[in-house]
Amino acid sequence: MLKKGSELMLNAIKGNPFHSVIGMVEVCIGIYLIVHDNYFRWPPFVAGMANDDIVGASFVLLGIAMLFWVFDKRRSLRMDHFVLICSAGFLTALTIYQFLHVIVLGIDMPWISNAALTSVVMILAWRSDSE
């Protein structure tokens, strides 16, 4: 029984590798943002809101929703579109905010890798089947 369940999980991941990786990365980004309470520093009036655990929790929930879609047997197109659109929006905002930190403060931030991930999400959303 355990062997069959793990086979089903592996097949789901093999069938949707990009969704799986994006979901796991979003969960990791969210956990990182939750743990690091002073990650964002500029501008001071926005940094307080951006460093709030709700932002990190939103990434965690979005990643879990993506992974739920991967393991769901029905794989609703509507849910796929919703999760991809939200992921693209969240990752775009994160990338731009990190890029502004690099430009204004000169702080090293992973905006390039997040930009690449954002482009992968946008390509997935563009290529996804629509009803």
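Residues numbered from 1 in each chain as written. Predicted model: local features only at pLDDT ≥ 70, side-chain atom pairs only at ≥ 80, totals over all residues. Heavy atoms only, no water.

### Quick word on the environment of S58
What counts, and what does not: Elements are defined by DSSP. Helices are runs of H or I of four residues or more, strands are runs of E of two residues or more, and each kind is numbered from the N terminus. Any pair of N or O atoms that falls within 3.5 Å is considered a polar contact. Within protein, one atom must be able to donate a hydrogen and the other to accept it, and sequence-neighbouring residues count only if both atoms are side-chain atoms.
Here S58 lies in helix α4 (residues 53-71). Taking the C-alpha atoms as reference points, S58 and F82, separated by 24 residues in sequence, lie 14 Å from one another. Polar contacts involving the side chain of S58 include one to the main-chain carbonyl oxygen of I54, which spans 2.7 Å.

### Focus: the side chain of S87
We count it as follows: The contact rule is simple, with two residues in contact once any of their heavy atoms fall within 4.5 Å.
Checked against the element boundaries, S87 lands in helix α5 (residues 77-105). A polar atom in the side chain of S87 sits 2.8 Å from the side chain of E26. Not counting chain neighbours up to four residues away, the residues in contact with S87 comprise E26, L62, M66 and V121.

### Focus on the environment of G106
To keep it simple, the criterion reads: A simple rule labels every residue: compare its accessible area, found with a 1.4 Å probe on the protein chains alone, to the largest value its type can have, and call it buried under 20%, exposed over 50%, or partly exposed in between.
With respect to the helices and strands, the residue G106 is situated in the loop between α5 and α6 (111-127). Residue G106 is classed as exposed on the basis of its relative accessible area, which comes to 51%. Separated by 17 residues in sequence, G106 and I123 have C-alpha atoms that sit 30 Å apart.

### Section: a nonpolar patch on the surface
For clarity, the cut-off: Patch membership requires more than 30% relative accessible area and the absence of a salt bridge. Residues of like charge join within 9 Å; the nonpolar side chains Val, Leu, Ile, Met, Phe, Trp and Tyr join within 5 Å. The Shrake-Rupley method, run with a 1.4 Å probe, gives the accessible areas here. Residue values count only the displayed protein chains as cover. Put simply, a salt bridge is a Lys or Arg side-chain nitrogen that is within 4 Å of an Asp or Glu carboxyl oxygen.
A contiguous nonpolar surface patch, about 340 Å² in accessible area, is contributed by F99, I103, V104 and L105. Tracing the backbone through its elements, the reader meets I103 in helix α5.

### A few points about the packing of aromatic side chains
Operational definition: Only centres within 6.5 Å qualify two rings of Phe, Tyr or Trp (six-membered ring in Trp) as a pair; their planes then separate them into stacked at under 30 degrees, edge-to-face at over 60, and tilted for everything else.
Tallying each qualifying case throughout the model produces five aromatic pairs. With centroids separated by 4.7 Å and ring planes inclined at 40°, the aromatic side chains of F40 and Y97 adopt a geometry described as tilted. Of this pair, F40 sits in the loop between α2 (17-35) and α3 (44-50) while Y97 sits in helix α5, and the two are 57 residues apart along the sequence. For the pair F40 and Y97, one class covers both residues: buried. Ring geometry for F59 and F90: centres 5.5 Å apart, planes at 85°, overall edge-to-face. Note that F59 is positioned in helix α4 and F90 in helix α5, a separation of 31 residues in sequence. For F59, a relative accessible area of 3% translates into the label buried. Given the relative accessible area of 34%, F90 is considered partly exposed.

### Here we look at the nonpolar core
What counts, and what does not: Here, nonpolar core means buried Ala, Val, Leu, Ile, Met, Phe, Trp, Tyr and Cys residues that are tied together by side-chain atoms lying within 4.5 Å of each other.
Among the nonpolar cores identified, the biggest contains 22 residues, and I22, I29, L33, F40, F59, L91 and V121 are the most heavily contacted of them. Contributions of two or more residues to this core are made by α2, α3, α4, α5 and α6. Here this core takes seven residues from α5, the largest share from any one element. If near-sequence neighbours (up to four positions away) are discounted, L91 is found in contact with E26, I29, F59, L117, T118 and V121.

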